[in-house]
Amino acid sequence: MTHPFSVHIKRAALASMATGIILLIAKIFAWSASDSASVLSSLLDSSMDIIASMVNFFAIRYALMPADNDHPFGHYKAEGLAALVQSAFILGSAVVLLVHVLDRLANPQALHALGESIGVMLFSTMATIVLVLYQRWVYKKTGSLAIKADSAHYYGDILTSLAVVVALLAAYWQVYWLDPAVALVIALVLLYSVYGIVRDGLNVLMDRALEEEDENALIELISNCEGVRGYHDLRTRQSGVVQFIQFHLELDGSQSLKSAHAIGDRLEAQIQERFPRAEILVHHDPV
């Protein structure tokens, strides 16, 4: 059975790849014309975004495959693996950039074609803003970790593109040291992003429980459901776009099986409304 959010996730992944390719071509032109370290840093960042987007695209297609005999709980953890692969590419890019930046800090150079380069970076900023807004809408609707990681990359691109514009404007007034300085900051931001992506990826692979706020809301729903005496053995986890919720529901043992089943169904419907991406497993215990 195809996941109901799969269309949105696949479209966001394709939009990410298309935007990344367009920006990469534009930045190659700007860097070759200007020889700017900050433009190069943005170019390498875009290269990593494209690689990450490609990894996301194929990981998402696999993660959204229906459960089968070999994977009865689905393939959702592929998103966690994709996040770790992305972090490796970003780390490599940051290291290469740091080596180049340190050389430019020691030997600042004049830049060329500043007008064209500034135009490219402004175009890059606007295109990225549109993409990030779309990705955030998709993440809010689906909870896809891969889309969240991809959006984080491109959100960083907005800030770095604006920083590059500032560096290029400074170079116009012959303040050349700011160009490699901005590139250094971008490299450090890339390194920091690796930490966040690895953390989120490991959370999925290690079956981390839902956020405390979500678990408290879940407990409140269970506790306030009419006919429920209590609960125990509550377990939750997040795997890709799907949340898994399971617990034992304590009900009056003297009532009919039909009545007990109706209470359980009512509670499941309430939980499903609050957590539309959840798969819920409830065991009824008489007390």
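If you're wondering where the values come from, they're calculated on a predicted model, not measured in any experiment.

Chemist: I tried to follow the overall build of the protein on my own but got confused; where do I start?
Modeler: Helix and strand content of the protein: 8 helices and 3 strands. The order of helices and strands in the protein, counted from the N terminus, is α-α-α-α-α-α-α-β-β-α-β. Counting all 287 residues of the protein, 47% fall into the buried class. A separation threshold of at least 6 residues defines the contact pool for the protein, and within that pool the share at least 24 residues apart is 76%. When the accessible surface of the protein is summed, it comes to about 14400 Å², and 64% of that surface belongs to carbon and sulfur atoms.

Chemist: Whenever I open this one, the environment of I28 confuses me. Can you help?
Modeler: Of note, I28 is situated in helix α1 (residues 6-34). Considered as a pair, I28 and L43 are 15 residues apart in the sequence and their alpha carbons are 6.7 Å apart.

Chemist: Please clarify how the nonpolar core should be interpreted in this entry.
Modeler: The nonpolar side chains of soluble globular proteins are, as a tendency, buried together. Residues I90, L97, M121, V164, L168, I186 and L190 are the most contacted members of the largest nonpolar core, which totals 32 residues. For this core, the secondary structure elements donating two or more residues are α1, α2 (37-63), α3 (78-106), α4 (114-142), α5 (145-172) and α6 (178-205). Among the nonpolar cores identified, the runner-up in size contains 18 residues, and L218, I222, L251 and A278 belong to it.

Chemist: What am I meant to see in the environment of G143 here?
Modeler: Along the chain, G143 falls in the loop between α4 and α5. In this structure the C-alpha to C-alpha distance between G143 and I9, which are 134 residues apart in sequence, comes to 9.5 Å.

Chemist: Help me out: how do you make sense of the packing of aromatic side chains in this one?
Modeler: Describing an aromatic ring pair means giving the distance of the ring centres and the angle of the ring planes. Per the counting criterion, the structure on display carries 3 aromatic pairs. Judged by centre distance (6.3 Å) and plane angle (15°), the ring pair of Y134 and W137 falls under stacked. A residue pair is termed a helical-turn pair when its members lie 3 or 4 positions apart in one helix, as Y134 and W137 do in helix α4 at 3 residues. Classification of Y134 by relative accessible area gives partly exposed; the value is 28%. Among the residues examined, W137 registers a relative accessible area of 44% and is labelled partly exposed. A cation sits over an aromatic face here: R237 above F244, 4.1 Å from the ring centre. Taking the ring centre of F275 as reference, the NZ or CZ of R274 above it sits at 4.6 Å.

Chemist: Is there a simple way to explain the side chain of Q135 in this structure?
Modeler: Residue position: Q135 is located in helix α4. By relative accessible area, Q135 is classed as buried at 0%. With near-sequence residues (within four places) excluded, Q135 lies in contact with S16, I147, D150, S151 and Y154.

Chemist: So what exactly am I meant to see when it comes to the packing of helix α7 (residues 212-224) against helix α8 (residues 257-274) here?
Modeler: The geometry of a pair of packed helices is captured by two quantities: the angle between their axes and the separation between those axes. It is the contact of α7 with α8, at a shortest axis distance of 10 Å, that shows an interaxial angle of 155°. When the axes of α7 and α8 are compared, the pair comes out roughly antiparallel. In terms of crossing hand, the pair formed by α7 and α8 is right-handed. Counted together, D214, A217, L218, L221 and I222 of α7 and L267, Q270, I271 and R274 of α8 form the full contact between these two elements. Residue composition of the contact of α7 with α8, by class: 6 nonpolar, 1 polar and 2 charged.

Chemist: So what exactly am I meant to see when it comes to the environment of S6 here?
Modeler: Here S6 shows up in helix α1. The sequence separation of S6 and S144 amounts to 138 residues, and the corresponding C-alpha distance is 9.7 Å.

Chemist: Mind showing me how you'd approach the pattern of salt bridges here?
Modeler: Think of it this way: side chains of opposite charge can pair up when their charged atoms draw near. For the structure shown, the criterion picks out 2 salt bridges. The salt bridge involving D214 is made with R274; its shortest N-O contact spans 3.5 Å. Pair noted here: D214 is in helix α7 and R274 is in helix α8, with a separation of 60 residues, a long-range link. Owing to a relative accessible area of 37%, R274 belongs among the partly exposed residues under this scheme. Residue R229 pairs with D252 through a salt bridge whose shortest N-O separation is 3.5 Å. You can see R229 sitting in strand β1 (residues 228-239) and its partner D252 sitting in the loop between β2 (242-251) and α8, a full 23 residues away along the chain.

Rules of the game
- Residues numbered from 1 in each chain as written.
- Predicted model: local features only at pLDDT ≥ 70, side-chain atom pairs only at ≥ 80, totals over all residues.
- Heavy atoms only, no water.
- Helix = DSSP H or I, 4+ residues; strand = E, 2+ residues; numbered from the N terminus.
- Buried < 20%, exposed > 50% of the residue type's maximum accessible area, 1.4 Å probe, protein only.
- Contact = heavy atoms within 4.5 Å.
- Areas by Shrake-Rupley, 256 points an atom, 1.4 Å probe, with all protein chains shown as cover.
- Core = buried A, V, L, I, M, F, W, Y, C linked by side-chain atoms within 4.5 Å.
- Phe/Tyr/Trp six-rings, centres within 6.5 Å; stacked < 30°, edge-to-face > 60°.
- Lys NZ or Arg CZ within 6 Å of the ring centre and 35° of its normal.
- Axes fitted to C-alpha atoms, helices over the stretch in contact; angles between N-to-C directions.
- Parallel < 35°, antiparallel > 145°, perpendicular 65-115°, else oblique.
- Left-handed = near helix turned anticlockwise from the far one by under 90°.
- Nonpolar A, V, L, I, M, F, W, Y, C, P; charged D, E, K, R; others polar.
- Salt bridge = Lys/Arg side-chain N within 4 Å of Asp/Glu carboxyl O.

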